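Descriptive analysis of the structure
Letter by letter, the chains look like this.
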Amino acid sequence: VLKQRNSALRENTFGGQVLLVFDEAFVTYGAKVIFERLRFIKEISALFGFCFMRVYGEEQKVDLCYKINKEFDAGNKEGLKQESLGDLEQLLKESLRRSYKEDCLRGYTTIGPHTDDFCIMLMQKEAHKYASQGQKKALLLSEKLAEVELLKNQSIEPVLLLDEVKSDLDDQKIEHLFHQLLMSGCQSFVTTTTPKDVDFIENKENFEIVSGSIAAS
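From a predicted model like this one, the values you see are computed outputs, not experimental measurements.

Here we take up the overall build of the protein chain. On a plain count of helices and strands, the protein chain comes out with seven helices and seven strands. Taking the principal axes of the C-alpha coordinates as reference, the protein chain spans close to 65 × 40 × 35 Å. The buried share among the 217 residues of the protein chain stands at 37%. Taking the intrachain contacts of the protein chain between residues at least 6 apart in sequence as the baseline, contacts between residues at least 24 apart amount to 69%. As presented, the protein chain carries roughly 13,400 Å² of accessible surface, and 52% of it is formed by carbon and sulfur atoms. Of note, the protein chain has its 28 positive side-chain charges centred 7 Å away from the centre of its 35 negative side-chain charges.

The following block contains the structure:
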């Protein structure tokens, strides 16, 4: 639907009435995407905060928010929070109407879920701007751990892949991380160039990669 609407905007040959057909479908599907994203954030937020506290070792306020590239309403400065599908459809419909001239000028759809993003807030500040490298790494790993817990709550057994977790984290936080992994019971594959960093982990199997081949070590 998005590709069709963008094509109509670029070619400008279908006329406004046909574009309204694309708008209707875009609103229906786009609102559902946003609705599911908001539902996911609501479900994972509490798990995310708990996992970050366990990994980082300090209780700091963390939040996940849904960040829209272009505000649905002028007064919305803290991320989209509406959870009614009907409300989201109405907001998206109104936003498309307001952005019509700009969309025609640019030749593509400037509003919608394809332009949105997730935002991690640490102590009420955007983490990607203000957090240290260690905090960013802990936030990333905590988000993955929260996903593991969310999947397990849905009776899904995930497999977690972690690459070079040692970078930007001190030894204590590494131990906190692996303790949380062990508590989760999730099967995990962890890569490292310094095997001694994970010597403290029990009940593990080591593999060595040499010239692209994997062998038990």
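We are not done yet, so read on.
Moving on, we get to the packing of helix H6 (residues 133-153) against helix H7 (residues 171-184). Relative to each other, H6 and H7 sit at 5°, their axes nearing to 11 Å. Between H6 and H7, the interaxial angle falls into the category roughly parallel. Contacts between H6 and H7 involve Leu141, Leu145, Val148, Glu149 and Lys152 from the former and Leu177, Gln180, Leu181 and Ser184 from the latter. For the contact of H6 with H7, a count of residues per class yields five nonpolar, two polar and two charged.

A surface patch of nonpolar side chains, about 660 Å² in accessible area, is lined by Val159, Leu161, Phe189, Phe207, Ile209 and Ile214. If you list the elements that add at least two residues to the nonpolar patch, you get strand S4 (159-163) and strand S6 (207-210). Mapped onto the secondary structure, Ile209 falls in strand S6. By relative accessible area, Ile209 is classed as exposed at 61%.

With that settled, the discussion passes to the nonpolar core. In terms of nonpolar packing, the biggest core is built from 36 residues, with Phe52, Leu122, Leu139, Leu145, Leu160, Val165 and Phe178 touching the most fellow members. At the level of secondary structure, the elements contributing two or more residues to this core comprise helix H2 (15-56), strand S1 (62-67), H6, S4 and H7. Sequence-distant contacts of Leu160, that is, excluding residues within four places in its chain, are made with Lys144, Leu145, Val148, Leu181, Cys186, Gln187, Ser188 and Phe189. Phe26, Val27, Leu96 and Ile111 belong to the second largest nonpolar core, which has five residues in total.

On to the sheet that holds strand S3 (residues 125-126), then. What the three strands build is an open sheet, ordered S1-S2-S3; its pairing is antiparallel. The open sheet has two edge strands with one neighbour each: S1 and S3. Sheet topology note: the S1/strand S2 (residues 117-122) ladder contains six bridges and is antiparallel. By the bridge assignment for S2, Lys67 is matched with Asp117.

Turning our eyes to something else, we now look at the pattern of salt bridges. Under the counting rule described, the total for this entry stands at ten salt bridges. Among the ionic pairs, Arg39 bridges to Glu36, the shortest N-O distance being 2.5 Å. Here the residue Arg39 and the residue Glu36 both occupy positions in helix H2, the gap between them amounting to three residues, near one helical turn. Since its relative accessible area comes to 39%, Arg39 is described here as partly exposed. Overall, the relative accessible area of 38% leaves Glu36 in the partly exposed class. If you follow the salt bridges from partner to partner, you end up with Arg5, Asp23 and Asp103 in one network.

Rules used in this analysis
Residues numbered from 1 in each chain as written. Predicted model: local features only at pLDDT ≥ 70, side-chain atom pairs only at ≥ 80, totals over all residues. Heavy atoms only, no water. Helix = DSSP H or I, 4+ residues; strand = E, 2+ residues; numbered from the N terminus. Buried < 20%, exposed > 50% of the residue type's maximum accessible area, 1.4 Å probe, protein only. Contact = heavy atoms within 4.5 Å. Areas by Shrake-Rupley, 256 points an atom, 1.4 Å probe, with all protein chains shown as cover. Lys, Arg positive; Asp, Glu negative; His and termini not counted. Charge placed at Lys NZ, Arg CZ, Asp CG, Glu CD. Axes fitted to C-alpha atoms, helices over the stretch in contact; angles between N-to-C directions. Parallel < 35°, antiparallel > 145°, perpendicular 65-115°, else oblique. Nonpolar A, V, L, I, M, F, W, Y, C, P; charged D, E, K, R; others polar. Patch = residues over 30% accessible without salt bridge, like charges linked within 9 Å, V, L, I, M, F, W, Y side chains within 5 Å. Salt bridge = Lys/Arg side-chain N within 4 Å of Asp/Glu carboxyl O. Core = buried A, V, L, I, M, F, W, Y, C linked by side-chain atoms within 4.5 Å. Pairing = 2+ DSSP bridges.

Interpretation in functional terms is not warranted from these geometric data alone.
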